[in-house]
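Take a look at the letters that make up each chain.
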Amino acid sequence: MLKYIGIVRENKDGKGIIEIYKEYTQGLYRLEEFSHIIVISWLNKVSEEQRNTLIVKPRGLLKYGFKLEDLPEVGVFCTDSPHRPNPIAVSIVRLIERQENILHVEDLDLFEETPILDIKAFTPARCPDDVKVPKWVEEFEKKLEEIKRRKIPL
């Protein structure tokens with residue numbers, strides 16, 4: 001049986017506050033020594049119908065200006081889509097500050113009131129050096145790099 005250990009209290013443009021329930025505060029001991037953390041959450045707003053979705057378009061790219069019609073259809077397990085059989089999210093966020101059981105973070109991609117299942121410290125050892133991705137991912141990554149470099153519209 002899963003237990004929630006906390007909740008997203010605030011998210012404004014990726015800057016957020018995660019409240020860890022007081023009974024788990026001791027588990028945060030020295031977490032502030034890490035620059036990034038992995039947040040595992042339960043996407044409680046996903047409907048039963050959405051949990052049956054197996055083919056999606058990687059809509060996370062829309063925020064960078066890509067058009068929906070330019071995105072490929074792929075299996076849900078190729079994406080970060082919240083629409084999946086078990087709506088569990090894994091997010092890597094920058095830990096800005098810890099105040100007891102309150103975590104101030106950046107790059108938060110979760111809605112307010114999203115339940116938190118677990119937190120893990122992120123370390124470089126988690127980054128494999130032999131990552132392979134499909135061609136369509138490489139193409140979108142190149143476009144994103146160009147956008148960032150030149151600040152050009154799509």
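Fair warning: this is a prediction, and the values are worked out from it, not measured in the lab. (Residues numbered from 1 in each chain as written. Predicted model: local features only at pLDDT ≥ 70, side-chain atom pairs only at ≥ 80, totals over all residues. Heavy atoms only, no water.)

Asks: Is there a simple way to think about the overall build of the protein in this case?
Replies: Summing up its helical and strand segments, the protein has one helix and eight strands in all. Along its sequence from the N terminus, the protein presents helices and strands in the succession β-β-β-β-β-β-β-β-α. Dimensions of the protein along its principal axes, counting C-alpha atoms only, are 45 × 40 × 30 Å. Evaluated residue by residue, the protein yields a buried proportion of 34% over its 154 residues. Across the protein, the fraction of contacts at a sequence separation of at least 24, relative to all contacts at a separation of at least 6, is 69%. Of the roughly 10700 Å² that the protein leaves accessible, carbon and sulfur atoms contribute 52%. On the protein, the mean spot of the 25 positive side-chain charges and the mean spot of the 27 negative ones are 2 Å from each other. (Helix = DSSP H or I, 4+ residues; strand = E, 2+ residues; numbered from the N terminus. Buried < 20%, exposed > 50% of the residue type's maximum accessible area, 1.4 Å probe, protein only. Contact = heavy atoms within 4.5 Å. Areas by Shrake-Rupley, 256 points an atom, 1.4 Å probe, with all protein chains shown as cover. Lys, Arg positive; Asp, Glu negative; His and termini not counted. Charge placed at Lys NZ, Arg CZ, Asp CG, Glu CD.)

Asks: Looking at this structure, how should I read the side chain of serine 91?
Replies: Within the secondary structure, serine 91 sits in strand β6 (residues 88–99). At a separation of 2.6 Å, a polar atom in the side chain of serine 91 contacts the side chain of aspartate 109. Ignoring sequence-local partners within four residues, the contact set of serine 91 consists of Ile37, Ile38, Val39, Asp109 and Leu110. (Polar contact = N/O pair within 3.5 Å; in protein donor to acceptor, adjacent residues only side chain to side chain.)

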